[in-house]
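Observations on the model geometry
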Amino acid sequence: MDTPFAGASATPAPTAPPDERARDAQRGFDAVVSVVDMLLGSPLAAVVVDGEEPMLLTAPAHARTEGAVLTLARHAVAQHASGADGGAAVPALPDSTDHSAVAAAIRAGRAHSVALRDDGAGALGVLGIADLEGDRPLDEVTVRALDDVAVVVASQLAARCREVRQSVSEARFRNIAATSPDPIMCVNAAGITTFWNRAAEELFGYSSVDMIGTPLIRIIPERGRGEFFADMARAAAALDGAPLDQRVRAEGMRRDGSLVQVELSLSSWREGDEMAVGAIVRDLTAQLETERRLYRLATTDSLTGLKNRAAAHEALAARVDRARPLTFVMIDLDGFKEVNDTLGHTVGDEVLSCAAARIHENVGDGAMVGRLGGDEFVVVVDGDDVDAARVLGQRVIDAVSGGYVAKAQQVEIGASAGVAMYPRDADSAEMLVSAADLALYRAKARGRGTVHVYEPSLREDAVVQHTLRHELREAFAHGEFELVYQPQWAHDGETLVGAEALMRWNHPTRGQLSPAAFIDTLADKPIAPQVGEWVIRTALTQAARWREHVPGFRVAVNLFESQLRSGTLVNTVAQLLHEMGLPGDALELELVETILTRDDEDTLEVLRSLRGLGVHLAFDDYGTGFASLSLLKLYPVSRLKIDRTFVHHVDVDASNSAVVRAVMYLADVFQLEVVAEGIETDAELRVLKDAGCAAYQGYLLGKPMAVADFARACLPSLPTV
């Protein structure tokens, strides 16, 4: 057969630089490349045709090599060389060392090959595709989509074959046209049909007797006739050297009046003194249906039927480009992760599908609804009225929140929403999404189940947090953190029993910062476990020195949650205690209630191991979180620290006094010690002494101090209180 690459711009793999080959091959295959890039994370795709070198369609940078293309091509050829699939046209390929990434993808089931055929023209070659960076074999949906991609590639190759056939002499054209499986027709300069083959009869329903000698416009709908005459004019100009757009799409009309989408491959020549125009016609019905399926696959979320992330962003950008006011709502499901973790992804998927339906039903006509991924959805509506936006956001939350029955499981979830408006809050689609995301983050931070409308301060805060995260990394590297120590006194008020180590940041431009300014951000950073280890090491080093003056001195250190999850905390503490020559009870680790409310076995095992070392564990800020009484029984804590919120005015505030008594009662039941922190007045201290607290801490008794100040204030004379 005529080679489909003859005269094409694709350059054979061995004779052109990889980047040039990739660019050339993609010409005419742009839609195919776009779909493959959407379907696979790191796609490599090549076409292998008998008599030609493999043609690269797309590849990541590290695989734009002859070795990578040949490895994929050999695999594709091997899959179809036997002819069991209908006799694909496949060449022999040179031996070479397999490209490691391509070979790994093939072994992992992330490669697929398809024989390329054209209806009536037989075998064309083989398409090979591999995902070089996937984490699992290609699934059935992806394979079906790649088969559809192969249909489009085959159509492109077949079209190129037809173009090659047009380059032969007119005499040969006339000889073969009559029996060609493609509809072929010719007209003269006046648009009168001069040739009409059997395939054209089958496509349009008119015989050659009906058509020859009559105007071709009888098969062209009236609305398309202007373009037909323009094509004829271009064909005439091509005879004088003007370029001819050889392939055009058009709409044809069958004898029964039905319409058919076709592609015309045009050519023009002279027959004596007259111009002639020939057209090879291809019925696009099957191809267009395949393209529609591929488009749906590329733009629709398969789980919910909503627009997927890419399509939602594209639709939003299109609306912004119209420069009309609009409202963008970003919705995140509250509690969905727990559903997935406890009941599995099958239940989670059904909940997502139901939630998507509820959103779609409650946003009104004209709204665009999409799923960004996970449990995040978006809604876009016209208009930028703030009150209406809040109402819309709350309506979506109310619709989504509540009970679901998924796979016979009862599920409860909620939702939060962030709202931003164009052009009020952003001048581009990208910045509008960013603004809504910031508003959503604030809504979830304020307790969830709420709507928050974007305000400029949110971006200012985000910039500050971004700067802070960068500065924190530098701060640790440059030794800008410091520990200060707040003394803890025994029940008699005269005996120093220890201190709490508290972080300070000696910022190069903002001065010394307390934990309130940075600790939450630091806790979420990857360096938190390293910083936490530094805190324990530094505090124990100082405790070892002070225990020489105060036997039994204990230092309390606040733990980051990431330290508990690191898997190294127990070994780190054991090693540090050994290095310092300290017993376990020289260290107390303070835990916030939110860490313990996770109620997981790994955390429990870590805490038991720490208690096994003799380390004391304390509930910090007890009473401010959501810890249940069962946690006091479950976890091996040894102390409760009454938060300063309840210590404040405990001498006159009946509610605070009741909380203190309740904590003291629980401590007695579970045989725990109680430390009162935040004591600022003598009256507060008296009440807490009467309540029977084991230790006291607060500005009345000593503020957090640097090492030298602590030694001067607390060690020489041990002041009474």
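Now for a description of the structure that goes with this document. Predicted, not measured: the structure shown is a model, and the values here were computed from it.

Take the overall build of the protein next. Assigned secondary structure in the protein consists of 27 helices and 24 strands. Residues counted as buried form 48% of the 721 residues belonging to the protein. Of all intrachain contacts in the protein linking residues separated by at least 6 positions in sequence, the fraction that spans at least 24 positions is 64%. Total accessible area computed for the protein in this model is approximately 33,300 Å², and 50% of it derives from carbon and sulfur atoms.

All of the buried residues in helix H12 (residues 336-343) are Phe-336, Val-339 and Asn-340. Along the axis of H12, the buried positions cluster into a sector of 95°, meaning they face one direction only. Structural note: H12 exposes Lys-337, Asp-341 and Thr-342 on the side pointing more than 90 degrees away from its buried face. In the core, the buried residues of H12 are packed alongside strand S10 (326-334), helix H13 (345-361) and strand S14 (409-422).

Where helix H11 (residues 309-321) meets helix H15 (residues 429-445), the axes come as close as 9 Å, and the angle between the chain directions of the two elements is 115°. By the angle between their axes, H11 is roughly perpendicular relative to H15. Every residue of H15 that contacts H11 at His-313, Leu-316, Ala-317 and Val-320 is listed here: Ala-429, Leu-432 and Val-433. Classifying every residue of the contact of H11 with H15 gives six nonpolar, one polar and no charged.

What follows covers unusual backbone geometry. For the peptide bond that leads from Tyr-422 to Pro-423, omega is 0°, which places it in the cis range. On the secondary structure map, Pro-423 appears in the loop between S14 and H15. The phi dihedral of Lys-407 falls on the positive side, at around 50°, and the residue is not glycine. Its location among the elements puts Lys-407 in the loop between strand S13 (402-406) and S14.

Moving on to the sheet that holds strand S9 (residues 274-283). The strands making up a sheet are joined through hydrogen bonds of the backbone, oriented either antiparallel or parallel. The five strands lie next to each other as S6-S5-S9-S8-S7, forming an open sheet whose pairing is antiparallel. Pairing within the sheet leaves two strands with one partner each, and these edge strands are strand S6 (193-196) and strand S7 (247-253). Neighbour-to-neighbour, the strand axes of the sheet open up by a mean angle of 30°, direction not taken into account. Note that strand S5 (residues 184-188) and S6 share three bridges and pair antiparallel. Within S6, the position partnered with Met-185 by the bridge is Trp-196.

Right, let's get into helix H4 (residues 100-107). Listed as buried for H4 are Val-102, Ala-103 and Ala-105. The buried residues of H4 all sit within an arc of 160° when viewed along its axis, so they share a single face. Facing away from the buried side of H4 by more than 90 degrees, the exposed set consists of Ser-100 and Arg-107. Just past H4, the residue Gly-109 takes up positive phi, approximately 80°.

Our next topic: the packing of aromatic side chains. Inspection of the entire model under this criterion finds 10 aromatic pairs. When the centroid spacing of 6.0 Å and the interplanar angle of 20° are considered together, the rings of Phe-481 and Phe-518 count as stacked. With a gap of 37 residues between them, Phe-481 in strand S16 (residues 481-490) and Phe-518 in the loop between strand S18 (511-513) and helix H17 (519-523) connect regions that are remote in the sequence. For Phe-518, a relative accessible area of 1% corresponds to the buried category.

About the cut-offs
- Residues numbered from 1 in each chain as written.
- Predicted model: local features only at pLDDT ≥ 70, side-chain atom pairs only at ≥ 80, totals over all residues.
- Heavy atoms only, no water.
- Helix = DSSP H or I, 4+ residues; strand = E, 2+ residues; numbered from the N terminus.
- Buried < 20%, exposed > 50% of the residue type's maximum accessible area, 1.4 Å probe, protein only.
- Contact = heavy atoms within 4.5 Å.
- Areas by Shrake-Rupley, 256 points an atom, 1.4 Å probe, with all protein chains shown as cover.
- Arc of directions from axis to C-beta.
- Axes fitted to C-alpha atoms, helices over the stretch in contact; angles between N-to-C directions.
- Parallel < 35°, antiparallel > 145°, perpendicular 65-115°, else oblique.
- Nonpolar A, V, L, I, M, F, W, Y, C, P; charged D, E, K, R; others polar.
- Pairing = 2+ DSSP bridges.
- Phe/Tyr/Trp six-rings, centres within 6.5 Å; stacked < 30°, edge-to-face > 60°.

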